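Single-letter residue listing:
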Amino acid sequence: MRNVTEIDTGEADQARQLAADAERVIVKAGTNSLTDEDSNLDDEKLDKLVDDLADLLERGKEVILVSSGAVGAGVGRIGYTGETVEESQALATVGQSHLMRRYTESFERYDQKVAQLLLTQHDLENPGRFTNVHNTIETLLEWGVVPIINENDAVATQEIRIGDNDMLSSSVALGIDVDLLVTLTDVGGVYTGNPKEDAGAERIEAVGRNYDEVQSIIDESSSSQFGGIQTKVQGAREVSEHGVPAIIARSTEENILEKIAAAKPVGTVFVPINGVTDD
């Protein structure tokens, strides 16, 4: 097996430049990037995310946010951990309203308006329904409004759940022709092992021709606590296969989105297939 940390510097640099030049960006923020250890919404984390998004808006980019955190915010508000699907759905209804209230307040610091879209798998798979979603997002962007998208946990069941906002963000990214997908996590990217358990795990700067080796490492190192990296890699890979760069990066890193917009080497960049040419 090749050393997955060895990368084609030229391809990685070109992918980062494509990411920096992106005019339409979709950013996915996970629950751990928004809540504290007790599942309460963390005001400092949320405001930091909005500050980072404002950096992109100030550069004239169109920004779409896919935000997790509704169920976690509900747990924090109610003080009860749901054990059934029905309880999780109810917690989501409590948490979603609180989540959007905080986003509205935080974006108002920049005089920026936001809108909420809650989607299910049916909305993505049904052409007519997704056309409506697409048209709504396009109209919001024309108006200068930031769409904030989440899975509709309150009505989703086992049969229709998208299952993970990582896959939701990649599906929306491909459906509305974004130029870049950024997935923000509580770890710094993709590693050669589980960085929460393995102090020697190294960050993989770029994923491209080494994808098979990277996937093998992810399959071996993932656990119930760390398994979410699998869907993050899968989502990033899907958009890269359609010529769109993707980056997985640490949400807590200072000015993380500004660094990406400046083509700096942060996180793990997924080199787009057919999107980077050989010199």
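Residues numbered from 1 in each chain as written. Predicted model: local features only at pLDDT ≥ 70, side-chain atom pairs only at ≥ 80, totals over all residues. Heavy atoms only, no water.

(A) Representation of the side chain of T268 in the model. Inspection of the secondary structure puts T268 in strand β10 (residues 268-270). Judged by relative accessible area, which is 0%, T268 ranks as buried. Within the local environment of T268, its side chain forms a polar contact with the backbone oxygen of I204, the two atoms lying 2.6 Å apart. With sequence-adjacent residues up to four places away left out, T268 is seen in contact with G188, G189, V190, R203, I204, E205, A206, V207, A246, I247 and I248. (Helix = DSSP H or I, 4+ residues; strand = E, 2+ residues; numbered from the N terminus. Buried < 20%, exposed > 50% of the residue type's maximum accessible area, 1.4 Å probe, protein only. Polar contact = N/O pair within 3.5 Å; in protein donor to acceptor, adjacent residues only side chain to side chain. Contact = heavy atoms within 4.5 Å.)

(B) View of the pairing of strand β2 (residues 62-67). Of all six residues that make up β2, five are buried, and the element is covered over most of its length. Strand direction decides the pairing type here: strand β1 (residues 24-29) and β2, joined by six bridges, are parallel. Each bridged residue has a counterpart across the sheet, and for I26 the counterpart in β2 is I64. Each parallel crossover has a hand, and the one from β1 via helix α2 (residues 43-58) to β2 is right-handed. Bridge analysis of β2 against strand β4 (residues 146-151) gives two bridges, and the strand direction is parallel. Looking across to β4, one finds that L65 is bridged to I148. (Pairing = 2+ DSSP bridges. Right-handed = clockwise from strand over helix to strand, strands pointing away.)

(C) Main features of the nonpolar core. Judged by nonpolar contacts, the single largest core of 36 residues is most densely connected at V27, Y103, L257 and I260. Leave out the neighbours within four places in its chain, and I260 touches R16, A19, A20, L180, V182, I247 and V266. Ranked by size, the runner-up nonpolar core spans 34 residues in total, among them L140, L168, V178 and A246. (Core = buried A, V, L, I, M, F, W, Y, C linked by side-chain atoms within 4.5 Å.)

(D) A look at unusual backbone geometry. At D177, a position not held by glycine, the phi torsion is positive, near 60°. Position of D177 relative to the elements: it lies in the loop between α7 (165-175) and β5 (180-185). Exposure remark for D177: the relative accessible area of 58% places this residue in the exposed category. A positive phi is found at A263, a non-glycine position, where the angle reads about 65°. The class for A263 is partly exposed, based on a relative accessible area of 23%.

(E) Seen up close, α2. The end-to-end C-alpha distance of α2 is 22 Å, a good match for the 22 Å that 16 residues give at a rise of 1.5 Å each. Among the residues of α2, L46, L49, V50, D52, L53, A54, D55 and L56 are the ones counted as buried. Next to the buried residues of α2 lie β1, β2, α4 (85-108), β5 and α10 (256-261). Two or three places before E44, at the start of α2, stands the capping residue D42, its side-chain oxygen 3.0 Å from that residue's backbone nitrogen. Directly after α2, the chain includes G60, whose backbone phi takes a positive value near 85°. (Expected span 1.5 Å × (residues − 1).)

(F) Quick look at the pattern of salt bridges. The tally for this structure, following the rule as stated, stands at 17 salt bridges. Ionic pairing is found between R102 and E105, a salt bridge with its closest N-O pair at 3.0 Å. Here R102 and its partner E105 are both found in helix α4, three residues apart, which amounts to about one turn of the helix. R129 is the salt-bridge partner of D123, the closest N and O atoms lying 2.7 Å from each other. On the accessibility criterion, D123 (8% relative accessible area) is buried. Members of the salt-bridge network, linked through shared partners, are D43, D47, D51, R101, R102, E105 and R109. (Salt bridge = Lys/Arg side-chain N within 4 Å of Asp/Glu carboxyl O.)

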